[in-house]
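Tertiary structure, described
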Amino acid sequence: DTAVSQTPKYLVTQMGNDKSIKCEQNLGHDTMYWYKQDSKKFLKIMFSYNNKELIINETVPNRFSPKSPDKAHLNLHINSLELGDSAVYFCASSLTDTEAFFGQGTRLTVV
Amino acid sequence: QKEVEQDPGPLSVPEGAIVSLNCTYSNSAFQYFMWYRQYSRKGPELLMYTYSSGNKEDGRFTAQVDKSSKYISLFIRDSQPSDSATYLCAMSEGNAGKSTFGDGTTLTVKP
């Protein structure tokens, strides 16, 4: 069983569109995250949720809105997509502050 | 200046070599120090973590933390082609699970 699964794996879309990425974890963790990895492999945290509550919201445009319907799910909705949003988005979860389990990533390409 | 600086690489070594991967940081509040390995088109996976200063060994991997110098290292002994990946250092203050990542070092081990 996949511990952290995110869909879709690949997403190609036009500028201006709205898209969502879904994430689910079956590890029983309380904390979930969204990270963005750019083309230079730099991994930066975007959001962190603990038990469905937003606890970290880094400097991210308002076009990005996370939603956590329950503690096993954290979805990411992006409005009005821009070329600069092209990146790999990783969902992760953790039980402690040390080990985060990452999903396989969603490769978003905005054309 | 970034909070975490990682030796940029890329690094190419022959099989069996000893590899040293290094990061420096500026935030004195970091207490947890992690190394992640990321294979191409996969999510990062935790290799090792260390709390505070000291060494930790796991098989061919040794993690070292020197908090006085704000310097961490990962050593890989008897490197194998399967070690070829991008290695990311990450650090956390231990609050709310937020980790700050280095830019990653891409390692290639040639047979």
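Just above sits the structure.
Residues numbered from 1 in each chain as written. Chains lettered and ligands numbered in written order. Predicted model: local features only at pLDDT ≥ 70, side-chain atom pairs only at ≥ 80, totals over all residues. Heavy atoms only, no water.

Counted by the stated rule, this structure contains seven salt bridges over all chains. Between Asp 30 of chain A and Lys 71 of chain A there is a salt bridge, with its nearest N and O atoms 2.7 Å apart. Of this pair, Asp 30 of chain A sits in the loop between strand E3 (19-25) and strand E4 (31-37) while Lys 71 of chain A sits in the loop between strand E7 (64-70) and strand E8 (73-78), placing them 41 residues apart in sequence. Taking relative accessible area as the criterion, Lys 71 of chain A reaches 34% and is therefore assigned partly exposed. Close ionic contact of Arg 60 of chain B with Asp 83 of chain B constitutes a salt bridge, the shortest N to O distance being 2.8 Å. Within this pair, whereas Arg 60 of chain B is found in the loop between strand E6 (54-58) and strand E7 (61-66), its partner Asp 83 of chain B is found in the loop between strand E8 (71-76) and strand E9 (85-92), the two being separated by 23 residues in sequence. Take Arg 60 of chain B: its relative accessible area is 26%, and that puts it in the partly exposed class. Via salt bridges that share partners, Arg 63, Glu 82 and Asp 85 of chain A belong to a single interconnected network. (Salt bridge = Lys/Arg side-chain N within 4 Å of Asp/Glu carboxyl O. Helix = DSSP H or I, 4+ residues; strand = E, 2+ residues; numbered from the N terminus. Buried < 20%, exposed > 50% of the residue type's maximum accessible area, 1.4 Å probe, protein only.)

Residue and element names in this part refer to chain A. If you walk through the whole model with that rule in mind, you get two disulfides over all chains. Between the sulfur of Cys 23 and that of Cys 91 lies a disulfide, 1.8 Å long from S to S. Between Cys 23 and Cys 91 the sulfur-sulfur dihedral comes to about -75 degrees; the bridge is accordingly left-handed. One end of the pair, Cys 23, is in strand E3; the other, Cys 91, is in strand E9 (residues 87-94), with 68 residues separating them in the sequence. With respect to class, Cys 23 is no different from Cys 91; both count as buried. (Disulfide = S-S within 2.5 Å.)

This brings us to the interface of chain A and chain B. Each partner contributes residues to the interface: chain A has 22 residues there, and chain B has 22 residues. In total, about 1,900 Å² of surface goes out of reach between chain A and chain B, with carbon and sulfur atoms giving 52% of it. Counting across the interface, chain A meets chain B through zero salt bridges. Taken together, chain A and chain B are joined by two residue pairs in polar contact (both at pLDDT 80 or more). At the level of secondary structure, the elements contributing two or more residues to the side of chain A that touches chain B comprise E4, strand E5 (43-50), strand E6 (53-57) and strand E10 (100-102) of chain A. Grouping the amino acids of the side of chain A that touches chain B by side-chain chemistry returns eleven nonpolar, five polar and six charged. (Contact = heavy atoms within 4.5 Å. Buried area = accessible area lost by both parts, 1.4 Å probe. Polar contact = N/O pair within 3.5 Å; in protein donor to acceptor, adjacent residues only side chain to side chain. Nonpolar A, V, L, I, M, F, W, Y, C, P; charged D, E, K, R; others polar.)

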